[in-house]
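Take a look at the letters that make up each chain.
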Amino acid sequence: MTTWSSTSQSCWVPWVPPGGAMNIQKPYGTRFPPNLHQEQFDLNGVYKTGDLIIGGIFHINFEATAPGLSFTSKPEQWKCKSLEVSIFQRLQTMLFAIAEINRDQTLLPNITLGYRVYDNCVKLPVALRAATALIGGLDNDFTDSGCSGPPPVVAIVGDPLSSHSIAISRILSLFQMPLVSYSASCSCLSNKIEYPTFFRTVPSDAFQVKAMVQIIKHYGWTWVGAIASDDDYGQYALRAFQEEIKTFGCISFIETVTTMNDNRRVFQIVDTIQQSTAKVIVVFSAEAELLSLVKEIVHQNITGRQWIASEAWSTSAVFATKENFGSFGGTIGIAIRRGEIQDLESFLYQIRPKFDLNNNLLLQFWEKIFDCHFQETTIKTNTTLSSVMQTECTGLEDIQTIHTTYNDVSELRIAYNVYKAVYALAHALHDLMSCQNGKGPFENNECADIKNMQPYQLLHYLKSVNFTNRLGERVSFDENGDAPAIYDIVNWQMTNNGSVKIKTIGLFDESASAGKEVFLDEESIFWSTESRTVPESICSKRCLPGTRRANRKGQPVCCFDCIPCAEGEISYKIDSSECFKCPIDFWSNSVRNHCILKEIEFLSYEDAMGITLTTVASVGSFISVGVLAIFIYHRNTPVVRANNSELSFLLLISLTLCFLCALCFIGKPSDLNCMLRHVMFGISFVLCISCILVKTIVVIMAFRATLPGNNTMKWFSVSKQRGTVFFFTFIQSIICIIWLASAPPYPYKNTKYQNAIIIIECDVGSSAGFGCLLGYIGLLACICFLLAFLARNLPDSFNEAKFITFSMLIFCAVWITFIPAYISSPGKHTVAVEIFAILASSFGLLFAIFAPKCYIILLKPEQNTKKTLMGRGTNEK
């Protein structure tokens, strides 16, 4: 374990041979003989001495060959290849920042910063070797003057990968050494309990996921695929993405890309992408893990997908190429904020190769960019040559004639984070050396000695770093060691010259007000669809108002069918999960998205049926009045005077009332109308039937009075006949009064028969009262019919009993057939049936009883004599 101490008499110090050797601990004051070098790591790096050394870890080479592990012989070192010049620019940015700080007389005066930077080859074993080498230092980092002095490196800038940073940070936390990453964005690294010495100038993935989700939500993409690397960076981001998107959408598929670039796994992922209906795919991965997948997608010409890129590859010059544009054009990505670093471009052109194993990365870069090789170093560096036919490098090549992503400073994003990380460390060191004696933050108010500082002391000042850099941006860390969450939103677009441009089309700022964190310049976005419009990525189309969502069994909630709302129910929102019943007086419209007032139905005077029935009722009443006028005019004739003319007049008046009471059933029911129609109906018909009943009784008594010795008629005089009629009518009146007093009829909105229509009708209130009213009428009608039937064979002069029998037969037949017709008729037809029964029975009584008499009075006046009637009676005998 590596420690630094100046207080013990015998201290243990780490020792690493040139290039980063394995640590061999020795007591303080003991000199190592040169032949004690047991092992060393062959690491690619750059180095420059200084008063304080800042370490760095970058992924310069993208491929590495693992040594054989049979252990039958000594394993070889890892061999790295495929140097990426755009990544080398980031390393050079660190060197530029250190050089710039050394020239600044106001920042760390009289202190010269040096650096030692290693390549991790995108492999964790190599990254751990690099970290160990930086912690342990080199043999020339230590002297025999004691254990005083700073550690081999005061802090490390890196590692760019989250999984590497997790492992390295756990090691560095043992020594309280700061690790400031410029690209490791896994949200797990915000845990200060597990990673107390970790800081970063890139925002946490927790905010990146929020930015992605807000973009997806903005465009209504509810059906998306997700691909993530199988490291901590990808898996933590994927879990956060799943939690965020489930509030409004679903994930069609989840695939994991391995760091080993397994071809079988790549084919499986490509097959999943082709089969999925999701047109939007979110990818959380670094460049190295995606290389094989991107190549296969382009090879199989998979197009029509909208890619959402995480910051680890959204600005990748490796992927944003003309060859890949057919499949990945229009990619929208979350990118680290772009910065402009003054004089960086000229510094990049100043690079020169150095024939020094501590700076072998410079040689590899030179060989890569000029496609040549140095004869002296091909055997000594841990890289493999791509071709033995390469031109030999001289070291005098002119780099200004080469235009690559190395010298392109238009898109400084991760490089800008590197720049900020170095300056953050420099400001922390400056604050440390600016401490006033007696006012220090450490024990006994002491200050740290920058010449003999310990890593934990630098950590104290790094936590409170807060400054504005030369670009005007504030650099600071929150309590979790995270940088402020601000991202650029970028879009891959093709330029006129055929190159791919990564254009900034928006911004995400976590500090903005709620709902305004994302800004998009939508007119500047390039969409890869054929129509160049926003793509659609949904499992099921949205359910319009008037329908509801019904989830498909065994499928995610985003996959559903749209079921129309039932009658009387509506949904007024898009994607409504349920339909709502309309209030009782309302009904759904034809598209089931709005409740409208139900159609109110009643038998009115305006519709055809109402007009017809009104006309018939009026005609009936006019006929009754006309007959009454005829009878009054001919009141002294034998036909009228026969069988009590007063009863005939009263019967005609009651029939007139029967016709007129039918009009009470037409029109919108009201409280008064409902009571009036039933009372008029009950009393007028009882009055009518009472008159007929008395006339029938009179006929029978009159016949018996003609028999010798019979004096019956004196007991049933005219006044008693009149009294009998009014007595029967009075009973009906009492029934009506009791009914109206206890439970009178009232208007009732009937919605049982037709849901979409409100039938306004009169509820009888008390069924018993209504039953008594009808029962009483029926009782009188039955008695009348029975008596008339018994008197039907009386002599011709008293044959009115025949007509009464016929009229009562019609009356009973009408009201018996009325019952089923009334029950089965819907809506206003119910009332029409009732009116028809009233009119039919009234016309039956009117014509059956009075038509023969009117015939004689008007057409056969010569027969309207007592002699004729009596003669007919004699002849009858």
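About the thresholds
- Residues numbered from 1 in each chain as written.
- Predicted model: local features only at pLDDT ≥ 70, side-chain atom pairs only at ≥ 80, totals over all residues.
- Heavy atoms only, no water.
- Helix = DSSP H or I, 4+ residues; strand = E, 2+ residues; numbered from the N terminus.
- Contact = heavy atoms within 4.5 Å.
- Areas by Shrake-Rupley, 256 points an atom, 1.4 Å probe, with all protein chains shown as cover.
- Pairing = 2+ DSSP bridges.
- Axes fitted to C-alpha atoms, helices over the stretch in contact; angles between N-to-C directions.
- Disulfide = S-S within 2.5 Å.
- Core = buried A, V, L, I, M, F, W, Y, C linked by side-chain atoms within 4.5 Å.
- Buried < 20%, exposed > 50% of the residue type's maximum accessible area, 1.4 Å probe, protein only.
- Phe/Tyr/Trp six-rings, centres within 6.5 Å; stacked < 30°, edge-to-face > 60°.
- Lys NZ or Arg CZ within 6 Å of the ring centre and 35° of its normal.
- Polar contact = N/O pair within 3.5 Å; in protein donor to acceptor, adjacent residues only side chain to side chain.
- Left-handed = near helix turned anticlockwise from the far one by under 90°.
- Nonpolar A, V, L, I, M, F, W, Y, C, P; charged D, E, K, R; others polar.
- Patch = residues over 30% accessible without salt bridge, like charges linked within 9 Å, V, L, I, M, F, W, Y side chains within 5 Å.
- Salt bridge = Lys/Arg side-chain N within 4 Å of Asp/Glu carboxyl O.

The subject of this paragraph is the overall build of the protein. On a plain count of helices and strands, the protein comes out with 21 helices and 31 strands. In the protein, of all internal contacts separated by at least 6 residues, the share reaching a separation of at least 24 is 67%. Element-wise, carbon and sulfur atoms account for 56% of the exposed surface of the protein, whose accessible area totals about 40,200 Å².

Attention shifts here to the sheet that holds strand β29 (residues 599–601). Strand order in this open sheet of 3 strands is β29-β31-β30, and the pairing throughout is mixed. Only two strands of the sheet have a single neighbouring strand rather than two, namely β29 and β30 (746–750). The average angle at which neighbouring strand axes cross in this sheet is 30°, direction not considered. With 3 bridges joining them, β29 and strand β31 (residues 757–763) adopt parallel strand pairing. Looking at β31, one finds that isoleucine 600 is bridged to isoleucine 758.

Moving on: the state of the cysteines. Counted under the stated rule, the structure contains 10 disulfides. The disulfide partner of cysteine 539 is cysteine 559, and the gap between their sulfur atoms is 1.9 Å. Classification of the bridge connecting cysteine 539 and cysteine 559 rests on its S-S torsion, roughly 105°, and on that basis the disulfide is right-handed. With a gap of 20 residues between them, cysteine 539 in the loop between β22 (518–520) and β23 (547–551) and cysteine 559 in the loop between β23 and β24 (560–564) connect regions that are remote in the sequence. As a non-bridged cysteine, cysteine 812 has cysteine 782 as the owner of its nearest cysteine sulfur, 5.4 Å distant.

With 111 residues, the main nonpolar core has Met94 and Ile227 as its most contacted residues. No other element matches helix α11 (residues 414–433), which puts 14 residues into this core. Beyond its immediate chain neighbours, meaning those up to four positions away, methionine 94 contacts Ile54, Gly55, Gly56, Phe58, Tyr115, Val117, Val157, Val418 and Val422. Grouped together as the second largest cluster of nonpolar side chains are 68 residues, Ile689, Cys736, Ala781 and Met808 included.

Before going further, it helps to examine the packing of aromatic side chains. One pass over the full model with this rule turns up 33 aromatic pairs. With 6.1 Å between their ring centres and 70° between their planes, tryptophan 313 and phenylalanine 319 make a pair best called edge-to-face. For phenylalanine 319, a relative accessible area of 3% puts it in the buried group. Both rings, one in phenylalanine 442 and one in tyrosine 461, keep their centres 6.2 Å apart while their planes meet at 70°; by these two values the pair is edge-to-face. On the criterion of sequence distance, the pair formed by phenylalanine 442 in the loop between α11 and α12 (455–463) and tyrosine 461 in helix α12 is long-range, its members being 19 residues apart. An aromatic cluster is built from Trp307, Trp313, Phe319, Phe328 and Trp492, whose rings are joined through pairwise contacts. The ring centre of tyrosine 236 lies 4.7 Å from the NZ or CZ of arginine 239, which sits over that ring. Its guanidinium or amino end placed over the ring of phenylalanine 560, arginine 549 lies 4.1 Å from that ring's centre, counting from NZ or CZ.

Bringing the side chain of serine 183 into the picture now. With respect to the element layout, serine 183 can be found in the loop between β9 (179–181) and β10 (198–200). Reaching out from serine 183, the side chain makes a polar contact with the backbone oxygen of proline 160 at a distance of 3.4 Å. Residues within four places of serine 183 in sequence aside, it is in contact with Pro160, Val202, Glu311 and Ile414.

Once that is clear, we can look at the packing of helix α18 (residues 767–790) against helix α19 (residues 800–824). Two numbers describe how α18 lies on α19: the axes approach to 8 Å, and their chain directions differ by 145°. Crossing angle aside, the handedness with which α18 passes α19 is left-handed. Contacts between α18 and α19 involve Ile777, Ala781, Cys784, Phe785, Ala788 and Phe789 from the first element and Ala801, Ile804, Thr805, Met808, Leu809 and Phe811 from the second. Across the contact of α18 with α19, the residue classes break down as 11 nonpolar, 1 polar and no charged.

A surface patch of nonpolar side chains, about 400 Å² in accessible area, is lined by Phe730, Ile734, Ile737 and Ile738. For isoleucine 737, the position within the fold is in helix α17 (residues 718–742). Residue classification places isoleucine 737 among the exposed residues on the basis of a relative accessible area of 55%.

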